[in-house]
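Structural description and commentary
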Amino acid sequence: MSEPQTNEAQKNEALKNKPSAKKSVKWGEAPKLTILDALYLPAIVSGLATAVRHAVSGKATTRQYPEVEPEIPPNYRGVHRLNRDEAGRVKCVACYMCQTACPANCIEIIAAPAPKDDPHWKDRDKFPATFTIDELRCIYCGMCEEACPVDAIELTSIYDLTGMTREEMIFDKEKLLSVFDETVKTGRDPVRTNRGKLGPAAELSSTAKDAPPPPGRGKSG
Amino acid sequence: MVKVKVNDIEVDADPKDNCILAARKAGVEIPHYCWHESLSVVASCRMCLVEVGETKPDGTVAMGPKLVPGCQTPIKEGTIIRTDSSKVKTSQQMTLELLLLNHPLDCSICDQAGECYLQDYTYKYGKAHSRLDEPKIQREDKYHIGEQIALFTDRCVMCTRCVRFTREISGTAELQVVARGSHEEIDVFPDTPCNNKLAGNVVDLCPVGALCSKDFLYKKRVWWLKHADSVCTGCSTGCSVQVDQNDNKVYRLRPRENPQAQGHFMCDEGRFGFKYIHDERRIKYPRLKAPSATTNATVRSTEPSDLTFADPWPMVLADTRKRIQTAIQNDPSGFVVVLSAFMTVEEAYLLASYIKGIDSRTKLTLGPIPIVGSDDLYPKGPKGQSPAADKVKFTIRAEKCPNRTGIEAILRHFEGSVIQAESLGKSSASAWFVVGGYSSGWVNEKIDQAVGTPSLLIVQDIFPSPLSERADVVLAAGSFAERDGTYVNHAGLAQATHASIRPPEQARADGRILMDLAGRAGLFNAMALRKEIGTKIPELSAIATGDLGEHGVRLAKFANRPAAAKS
């Protein structure tokens with residue numbers, strides 16, 4: 001019992017003596033266990049007391065889900081959506097930043113040149129031909145949302161995602177756009193940011209404030 | 001050699017160097033856009049402005065009053081270069097701010113993002129923000145520049161590297177600068193798109209994302225590409241290339257600078273000619289025809305126990321070995337091996353030593369050498385004529401295979417002379433081991449008739465051919481991107497090539513097949529084999545070092561030849 005502790009203490013001592021530790025780390029001592037603490041009895045008793053107090057207080061804390069849906073905090077990270085721009089096109093420019101940032105490798109994009117002949121797509125160069133997210137593989141960390149330079153991908157507050165097969169949990173571009181169409185209507189998930197332009201230099205342009213922000217490249221007016 | 005001081009670091013530099021090269025020798029980077037080693041100097045980007053001074057005979061240092069472009073300033077004994085003064089740093093910041101003034105900052109959709117010098121230099125030397133409060137000038141993208149080239153005009157920094165390339169290296173001069181001042185743009189002359197055989201190089205030369213390859217456009221973000229040093233197999237120039245792949249798919253080839261082989265560039269035939277390696281028609285499984293069976297029986301039907309089929313190779317190779325031994329026993333001088341000029345030196349050595357090891361009366365021959373037209377020399381003259389021999393900066397060779405020199409050396413060692421397989425005449429042998437690996441159909445009438453229908457035909461190839469159709473054994477081999485080994489180019493330069501991807505399905509790189517076939521212990525290791533070959537074959541003794549480095553080594557026989565490229 002005593003030997004590993006000494007080793008541990010020696011290790012701690014060695015750590016503390018490192019030049020970097022002396023500067024930046026504040027070292028604290030773990031409180032030593034008394035005999036009473038070592039018995040664990042006081043802890044058990046205090047735990048029981050908490051349970052009894054709640055039991056007799058009469059305030060029920062059971063949530064009646066699914067009859068009563070919980071209030072979801074605004075920063076909840078649920079199912080993804082792909083935002084649309086003013087013209088109703090997918091806002092995503094297929095820069096692959098979300099796919100690069102994703103720690104779970106659940107996003108897969110295939111980019112294509114935008115159909116320039118179509119007047120609807122005239123001001124766009126690149127767009128996602130396919131955009132799939134494996135909602136089962138996703139860990140809902142929100143890194144994709146943070147990485148997105150055009151605020152195209154956002155996490156909604158939808159928390160009760162279910163499906164019968166693995167295949168239907170792989171959301172494609174249409175499905176993700178439909179999540180956007182659904183969630184903007186409910187008002188629960190407003191489009192969080194509305195920058196739309198690319199890059200800080202584009203931000204500084206004075207005329208850009210008047211013109212509608214171009215959705216794709218930062219050709220600020 | 002002259003002594004130069006760069007930021008107080010003393011360094012020996014070539015008197016022909018400019019400040020950028022001298023600083024590079026001292027480990028100091030001078031940022032630059034317009035300057036390129038193989039192009040003329042224009043000093044137009046102003047990114048490489050540095051402080052330059054000299055050491056007076058009495059030892060005092062006199063710095064110049066103004067900043068000078070490092071690319072244009074020659075050095076001499078005692079030159080002092082400063083790149084870390086606040087004067088230089090402010091200048092770099094201002095230059096970058098100017099270059100980015102009308103830049104759209106569309107990195108998120110730009111193919112160059114990740115390998116862009118605007119990004120890199122802004123990060124290292126630039127400012128975080130722009131003071132521009134005016135609207136940016138927008139310019140139309142130009143997709144008409146060339147079949148393979150698109151110009152995103154507003155990303156351009158007007159370094160004119162591309163213009164100088166088409167004037168100085170390809171000599172075709174399609175590109176030009178139109179308009180002046182802030183209206184300057186790169187464009188082609190009317191109705192003369194940039195479609196010359198070296199056009200793809202302007203995409204590599206472009207330090208920013210202005211010139212993009214249409215072939216690679218939006219296919220992959222560059223930070224996902226994994227690189228392997230390789231050698232282009234398009235012709236016997238043997239350009240050093242870098243194979244960029246991701247997830248077992250090759251996305252592009254890019255030239256790797258090698259003054260020994262080709263210089264900085266490569267031709268479009270090689271650049272875009274790699275796509276056959278992902279062709280659906282490739283031979284993906286080894287195949288075995290039972291001796292008595294009339295139809296092509298697959299491996300599956302020759303051995304019924306299913307579990308062994310996860311890997312058909314041990315069975316196929318054991319059977320092939322048996323067949324080879326029987327055939328050689330029956331008629332040793334009637335056993336002919338055809339080595340392909342697409343094989344690496346190591347693979348040819350493995351096969352040659354294995355067959356000759358069984359019986360020295362067997363015959364080794366050289367397969368067809370594809371020759372298309374004549375050597376294409378650059379820079380072209382104004383009327384498209386070839387340059388004088390001493391002015392050549394790039395050559396696309398007529399011999400469309402990478403390793404004739406290496407295979408001939410192997411043949412001279414094992415067979416004594418180089419016999420062309422095509423010259424053997426109709427049905428001249430009872431058993432054939434034919435190696436292909438060519439990038440396209442290679443079985444001509446002569447070789448087809450020479451092989452005829454022998455009692456044993458083994459074909460090791462990547463594409464089906466008339467020979468593989470009637471072969472008794474088909475060994476599914478690997479393409480150049482799947483092999484490790486050595487190619488010896490026309491000038492005797494032995495370069496190492498490295499595997500970048502796995503062969504499709506059950507196909508295997510030739511070296512691995514031959515290693516197992518010859519029953520040699522261990523895995524295929526190109527470096528170890530190079531050492532063995534170098535010690536056994538005097539002609540190839542140069543590769544005995546094993547590690548050939550990035551630029552390769554020249555065989556002793558060719559030592560007096562001048563380096564192939566000056567570009």
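Residues numbered from 1 in each chain as written. Chains lettered and ligands numbered in written order. Predicted model: local features only at pLDDT ≥ 70, side-chain atom pairs only at ≥ 80, totals over all residues.

A closer look at the overall build of chain B
Within chain B, the regular secondary structure consists of 14 helices and 24 strands. For chain B, the spread of C-alpha atoms along the three principal axes comes to 90 × 55 × 50 Å. Per-residue burial over chain B gives 47% buried out of 567 residues. Across chain B, the fraction of contacts at a sequence separation of at least 24, relative to all contacts at a separation of at least 6, is 68%. (Helix = DSSP H or I, 4+ residues; strand = E, 2+ residues; numbered from the N terminus. Buried ≥ 20, exposed ≤ 12 C-beta atoms within 10 Å, placed from the backbone. Contact = placed C-beta atoms within 7 Å.)

A word on the overall build of chain A
Helix and strand content of chain A: 8 helices and 5 strands. Each helix and strand of chain A, ordered N terminal to C terminal, gives the series α-α-α-α-β-α-β-β-α-β-β-α-α. Every one of the 221 residues in chain A was classed for burial, and the buried ones make up 25%. Long-range contacts, defined here as pairs at least 24 residues apart, represent 65% of the contacts in chain A between residues at least 6 apart.

Some remarks on the environment of Pro 115 of chain A
Within the secondary structure, Pro 115 of chain A is located in the loop between strand S2 (107-113) and strand S3 (126-134). On a C-alpha basis, the gap between Pro 115 of chain A and Asp 125 of chain A in space is 8.1 Å, while along the polypeptide they are 10 residues apart.

Let's talk about the sheet that holds S2 of chain A
All names here are of chain A. In space, the 3 strands of this open sheet follow the order S2-S3-S5, with antiparallel pairing throughout. The strands lining the two open edges of the sheet, one partner per strand, are S2 and strand S5 (170-171). Both S3 and S5 contribute to a ladder of 2 bridges, which runs antiparallel. Paired with Asp 134 across the two strands is Ile 170, which belongs to S5. Packing against the sheet, helix H7 (residues 173-186) makes contact with S3 and S5, and its axis sits at approximately 85° to S3. (Pairing = 2+ DSSP bridges. Axes fitted to C-alpha atoms, helices over the stretch in contact; angles between N-to-C directions.)

Focus: the sheet that holds strand S11 (residues 226-231) of chain B
Residue and element names in this part refer to chain B. Judged by pairing direction, the sheet is antiparallel, and its 3 strands sit side by side in the order S11-S12-S13 without closing on themselves. Here the strands that pair on one side only, and so sit at the sheet edges, are S11 and strand S13 (249-255). Geometrically, the sheet is characterised by an average inter-axis angle of 30° between neighbouring strands, direction not taken into account. As paired elements, strand S12 (residues 240-246) and S13 share 6 bridges and run antiparallel to each other. Pairing of Asp 244 across the sheet is with Arg 252, part of S13.

So, the nonpolar core
Nonpolar side chains tend to gather and get buried jointly when the protein is soluble and globular. Counting residues in hydrophobic clusters, the biggest one holds 146 residues, and the most contacted among them are Leu 339, Ile 410, Trp 432 and Ile 458 of chain B. Per-element accounting of this core gives the leading share, 7 residues, to helix H9 (residues 345-358) of chain B. If we ignore the near neighbours within four places in the chain, the residues touching Trp 432 of chain B are Val 336, Val 338, Val 451, Pro 454, Leu 457 and Ile 458 of chain B. Counting 34 residues, the second-largest nonpolar core is a separate cluster that includes Tyr 96, Cys 98, Ile 133 and Ile 153 of chain A. (Core = buried A, V, L, I, M, F, W, Y, C linked by C-beta atoms within 7 Å.)

Re unusual backbone geometry
Residue and element names in this part refer to chain A. Look at the link from Tyr 65 to Pro 66: it is a cis peptide, with omega at 10°. Along the chain, Pro 66 turns up in the loop between helix H4 (41-57) and strand S1 (80-82). Of note in the backbone geometry, Tyr 96 takes a positive phi value of approximately 70° without being a glycine. Position of Tyr 96 among the secondary structure elements: in the loop between S1 and helix H5 (97-101).

Section: H7 of chain A
All names here are of chain A. For H7, with 14 residues, the first-to-last C-alpha span of 21 Å sits near the 20 Å given by 1.5 Å per residue. All of the buried residues along H7 are Leu 176, Leu 177, Val 179, Phe 180 and Thr 183. Summarising the axial view, the buried residues of H7 lie within an arc of 150°, below the 170-degree limit, and thus occupy one face. Residues of H7 that are exposed and angled more than 90 degrees away from the buried face: Glu 174, Asp 181, Lys 185 and Thr 186. The inward-facing, buried residues of H7 abut S1, S3 and S5. Looking at the residues trailing H7, positive phi occurs at Gly 187, about 80°. (Expected span 1.5 Å × (residues − 1). Arc of directions from axis to C-beta.)

Thoughts on the domain arrangement of chain A
Partitioning chain A into domains gives domain 1 (2-57) and domain 2 (80-198). When each unit is reduced to the centre of its C-alpha atoms, the spacing between domain 1 of chain A and domain 2 of chain A is 46 Å. (Domains from an automatic or database assignment.)

Brief notes about the domain arrangement of chain B
By a frequent convention, interface size equals the accessible area lost on bringing the separate parts together. Residues and elements named next belong to chain B. Taken domain by domain, chain B comprises domain 1 (2-98), domain 2 (104-224) and domain 3 (312-558). Computed from C-alpha atoms alone, the centre-to-centre distance between domain 2 and domain 3 is 41 Å. Facing the 7 residues of domain 2 at the interface are 8 residues of domain 3. Split into classes, the residues belonging to the side of domain 2 that touches domain 3 amount to 2 nonpolar, 3 polar and 2 charged. (Nonpolar A, V, L, I, M, F, W, Y, C, P; charged D, E, K, R; others polar.)

Examining the packing of H9 of chain B against helix H10 (residues 404-414) of chain B
Residues and elements named next belong to chain B. Interaxial distance between H9 and H10 falls to 9 Å at its minimum, and their mutual angle equals 20°. As summarised for this structure, H9 and H10 are arranged roughly parallel, according to the angle between their axes. Relative to H10, H9 is oriented so that their crossing is right-handed. For the pair H9 and H10, the contacting residues are Val 345, Ala 348, Tyr 349, Ala 352 and Lys 356 in the first and Gly 406, Ile 407, Ile 410 and Phe 414 in the second. The class makeup of the residues in the contact of H9 with H10 is 7 nonpolar, 1 polar and 1 charged. (Parallel < 35°, antiparallel > 145°, perpendicular 65-115°, else oblique. Left-handed = near helix turned anticlockwise from the far one by under 90°.)

Here we look at the confidence of the model for chain B
When pLDDT drops low, the exact placement of atoms in the prediction is not to be read closely. Residue and element names in this part refer to chain B. With 95% of its residues at a pLDDT of at least 70, chain B reaches an overall mean of 91. Confidence over residues 292-308 falls short of pLDDT 50; this stretch has 19 contacts with residues more than four positions distant or in other chains. The complex prediction reports pTM at 0.84, with the ipTM value standing at 0.83. (pLDDT = per-residue confidence, 0-100.)

Overview of the environment of Gly 511 of chain B
Residue and element names in this part refer to chain B. Topologically, Gly 511 is positioned in helix H13 (residues 510-517). Separated by 34 residues in sequence, Gly 511 and Ala 477 have C-alpha atoms that sit 8.9 Å apart. Apart from residues no more than four positions distant in its own chain, Gly 511 is found in contact with Thr 344, Glu 346, Glu 347, Leu 350, Arg 483, Asp 484, Gly 485 and Phe 524.

Considering the pairing of strand S20 (residues 456-461) of chain B
Residues and elements named next belong to chain B. For S20, a buried count of 6 out of 6 residues is recorded, marking the element as mostly surrounded by other parts of the structure. Both faces of S20 are covered, namely the face carrying Leu 456, Ile 458 and Gln 460 and the face carrying Leu 457, Val 459 and Asp 461. For the segment spanning strand S19 (residues 431-435), helix H11 (residues 445-451) and S20, crossover handedness is right-handed. Bridging between S20 and strand S21 (residues 473-476) involves 4 bridges; their strand directions are parallel. (Right-handed = clockwise from strand over helix to strand, strands pointing away.)

Some thoughts on the environment of Gln 506 of chain B
All names here are of chain B. Here Gln 506 lies in the loop between strand S23 (493-497) and H13. Gln 506 sits in the partly exposed class, given 17 other C-beta atoms within 10 Å. Each C-alpha atom of the pair Gln 506 and Ile 283 lies 9.0 Å from the other, and the pair is 223 residues apart in sequence. When sequence neighbours within four positions are dropped, the list of residues in contact with Gln 506 reads Lys 284, Tyr 285, Pro 286, Pro 312 and Ala 476.

Re the confidence of the model for chain A
Residue and element names in this part refer to chain A. When the pLDDT values of chain A are averaged, the result is 82; 82% of them are 70 or greater. Mean pLDDT per element in chain A: helix H8 (residues 200-204) is the minimum at 43, and S5 is the maximum at 96. Taken as a whole, residues 195-221 scores under 50 in pLDDT and shows 65 contacts with residues more than four places along the chain or in a different chain.

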